[in-house]
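Remarks on the overall topology
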Amino acid sequence: MDKRIHNHARILLRYCIGAKKGEVVGIDTTAEAEPLVTALYEEILRAGSYPDIRMIPDACTGLLFRYGKPNHFECITPLERARVRLTDAFIRIMASSNTRALSSVPPGKQAALVQTTRKLRESILRKRWTLTLHPTKAYAQDAEMTLEEFEDFVYTALFADRRNPVAAWNALARKQERLVRRLRGADKIRIVGSGTDLTLSVKGRAFINSAGTHNMPSGEIFTGPIESSAYGHIRYDYPVVHGGREIDGITLVFRKGVVVEASADKNEKFLKAMLDMDPGARRLGELGIGTNYDIQ
């Protein structure tokens, strides 16, 4: 097995969640992540923890949206609640075999499932958790790379190709803490670029040091802007894949913190459906400043 996969597993167990003897560690992923899951299983046993593994094939998610009844999108089973309550730490691994598999699913069904599972996700977020990605052919294709090229990109961004990855993440955390201190007391921030001129306020808001303990890889400092402060427009020059759909050429116009206009060159209807999902979806929730220069 690729040594970098073992390093990835060690980063997740030792650095991200700090698994301890006697704890239950939940892993949620697809069958595509089997090499990483195998390495994680070994690391969990070495830590004296108990693995709880769920590897759900990608096709099952498509079947849920195709054949699921209303109760499947409106209810959380007692088993799901008990699993979250009894698990000490969670590792979620993104590992898709087809990033467009849900492109024909009605947005309303996806939004309904998001709303129903919100409280469950909030319970998970109160535990120790981390989200990561295992390289697959589907992700490589999206990135217009060979699988080998994409693996090199991902493992470099994870610091998994380094002799001591945990030391590297600790060093980045210290660097970011200096940036956090420098931004204390900041008020207005203006972002100017091609198709973009956006002003917002972070007055009184704290910046958070995100050094891979939750999102792996990471490398950013972030904050939540004043909810009513965003004003101007922003255009994204790279696509995003959400809910199985690629949205490209996104332009948003903000007034008093709210998106008042939204357009996209591709899948604009889906973008607007997501913005109408709930009253908070049109507000700017986060400003992040990236520091991991291995992520291009």
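The sections below set out a description of the structure shown in this document. (Residues numbered from 1 in each chain as written. Predicted model: local features only at pLDDT ≥ 70, side-chain atom pairs only at ≥ 80, totals over all residues. Heavy atoms only, no water.)

Things to note about the pairing of strand 1 (residues 24-29)
Rules: What makes two strands pair is DSSP finding at least two bridges between them. Runs of H or I in DSSP of at least four residues are treated as helices and runs of E of at least two as strands, each being numbered from the N terminus. We call a crossover right-handed when, viewed with both strands directed away from the observer, the connection leading from the first strand over the helix to the second proceeds clockwise.
Taken together, the 6 bridges between strand 1 and strand 2 (residues 50-55) define a ladder with parallel strand orientation. Opposite Gly-26, over in strand 2, you have Asp-52 as the bridge partner. In terms of handedness, the path from strand 1 via helix 2 (residues 34-46) over to strand 2 forms a crossover that is right-handed. Across 4 bridges, strand 1 lies against strand 3 (residues 89-94) in parallel orientation.

Looking at the packing of aromatic side chains
In this description, an aromatic ring pair is defined by two values, namely the gap between the centres and the angle between the planes. The condition that has to hold: When the centres of two rings from Phe, Tyr and Trp lie within 6.5 Å, Trp using its six-membered ring, the rings pair. Their planes under 30 degrees apart give stacked, over 60 give edge-to-face, and anything left gives tilted. Ring-over charges, as used throughout, are those where CZ of Arg or NZ of Lys falls within 6 Å of the ring centre and within 35 degrees of the ring normal.
The final tally for this structure, using the stated rule, is 5 aromatic pairs. Linked through ring pairs, Tyr-15, Phe-159 and Trp-169 together constitute an aromatic cluster. Sitting over the ring of Phe-159, Arg-162 keeps its end group 4.1 Å from the ring centre.

Side note on the sheet that holds strand 13 (residues 251-255)
Short version of the rule: Lines are fitted to the C-alpha atoms to define the axes, a helix being fitted only along its stretch in contact, and any angle between axes, read from their N-to-C directions, falls within 0 to 180 degrees. Contacts: residue pairs with any heavy atoms within 4.5 Å of one another.
Here 5 strands make up an open sheet; going across it, the order is 5-6-10-13-14 and the pairing antiparallel. The open sheet terminates on both sides in strands that have one partner only, identified here as strand 5 (188-193) and strand 14 (258-263). Neighbour-to-neighbour, the strand axes of this sheet turn through a mean angle of 20°, independent of strand direction. Where strand 6 (residues 196-201) meets strand 10 (residues 231-235), 3 bridges bridge the pair, whose relative direction is antiparallel. Residue pairing across strands places Thr-199 opposite Tyr-231, the latter belonging to strand 10. Packed onto the sheet, helix 11 (residues 268-275) meets strand 13 and strand 14 and runs at close to 165° relative to strand 14.

Topic: the environment of Ala-89
Mapped onto the fold, Ala-89 is located in strand 3. When the C-alpha atoms of Ala-89 and Ile-124 are compared, they prove to be 8.2 Å apart, with 35 residues separating the residues in sequence.

With respect to a nonpolar patch on the surface
Note the cut-off: Patch rule: a residue counts if its relative accessible area is over 30% and it has no salt bridge; like charges are joined within 9 Å, and nonpolar side chains (Val, Leu, Ile, Met, Phe, Trp, Tyr) within 5 Å. Residue exposure ignores everything except the shown protein chains as possible cover, and the areas themselves are Shrake-Rupley values with a 1.4 Å probe. The salt bridge definition used is simple: a Lys or Arg side-chain nitrogen within 4 Å of an Asp or Glu carboxyl oxygen.
A cluster of nonpolar side chains, contributed by Tyr-41, Leu-45, Ile-53 and Met-55, occupies part of the molecular surface with about 330 Å² of accessible area. Topologically, Met-55 is positioned in strand 2.

Quick look at the nonpolar core
For the record, the criterion: Buried residues of nine kinds, namely Ala, Val, Leu, Ile, Met, Phe, Trp, Tyr and Cys, make up a nonpolar core once their side-chain atoms join them within 4.5 Å. Exposure is judged per residue with a 1.4 Å probe applied to protein chains only, and the accessible area is read against the type maximum: over 50% gives exposed, under 20% gives buried, and values in between give partly exposed.
Residues Ile-17, Leu-40, Ile-91, Ile-93 and Met-216 are the most contacted members of the largest nonpolar core, which totals 36 residues. Contributing elements (two or more residues each) for this core: helix 1 (3-16), strand 1, helix 2, strand 3, helix 8 (137-142), helix 9 (147-157) and helix 10 (165-183). Take this core: its biggest share by element is 7 residues, from helix 1. Apart from the residues within four sequence positions on either side, Ile-17 is in contact with Leu-12, Val-25, Ala-89, Phe-90, Ile-91, Arg-128, Trp-129 and Thr-130.

Description of the pattern of salt bridges
Summed over all chains, the structure comprises 20 salt bridges. A salt bridge links Arg-100 to Glu-246; the shortest N-O distance between them is 2.5 Å. Taken together, the residues span a long stretch of sequence, with Arg-100 in the loop between strand 3 and helix 6 (107-116) and Glu-246 in strand 12 (residues 245-247) at a distance of 146 residues. For Arg-100, a relative accessible area of 26% corresponds to the partly exposed category. The shortest N-O distance in the salt bridge between Asp-276 and Arg-282 comes to 3.0 Å.

Some points on unusual backbone geometry
With an omega dihedral of 10°, the bond running from Met-216 to Pro-217 counts as a cis peptide bond. As for its position among the elements, Pro-217 is in the loop between strand 8 (215-216) and strand 9 (220-223). Positive phi, close to 60°, is recorded for Asn-267, a residue that is not glycine. Positionally, Asn-267 belongs in the loop between strand 14 and helix 11.

Regarding the environment of Pro-51
Looking at the element boundaries, Pro-51 is found in strand 2. Its relative accessible area of 26% is what places Pro-51 among the partly exposed residues. For Pro-51 and Val-202, which are 151 residues apart along the polypeptide, the C-alpha to C-alpha distance reads 41 Å. When near neighbours in sequence (up to four residues on either side) are disregarded, Pro-51 contacts Val-25, Tyr-41, Ile-44 and Leu-45.

Quick word on the pairing of strand 9
Direction of pairing for strand 7 (residues 208-210) relative to strand 9: antiparallel, over a ladder of 3 bridges. Within strand 9, the position partnered with Asn-209 by the bridge is Ile-221.

Quick word on the packing of helix 6 against helix 11
Note the threshold: With respect to orientation, any angle under 35 degrees is reported as roughly parallel, any angle over 145 as roughly antiparallel, any angle of 65 to 115 as roughly perpendicular, and every other angle as oblique. The sense of a crossing depends on the near helix, which, turned anticlockwise from the far helix by less than a right angle, makes the crossing left-handed and, turned clockwise, makes it right-handed. Polar here means any residue outside two lists: the nonpolar Ala, Val, Leu, Ile, Met, Phe, Trp, Tyr, Cys and Pro, and the charged Asp, Glu, Lys and Arg; Gly therefore counts as polar.
The geometry of helix 6 relative to helix 11 is characterised by a closest axis approach of 10 Å and an angle of 30° between their N-to-C directions. Between helix 6 and helix 11, the interaxial angle falls into the category roughly parallel. Seen from above, helix 6 lies across helix 11 with right-handed handedness. Residue-level inspection shows Pro-107, Gln-110 and Ala-111 of helix 6 in contact with helix 11, the latter providing Phe-270, Ala-273 and Met-274. In terms of residue class, the contact of helix 6 with helix 11 is made up of 5 nonpolar, 1 polar and no charged.

The values are spatial; any link to function lies outside them.
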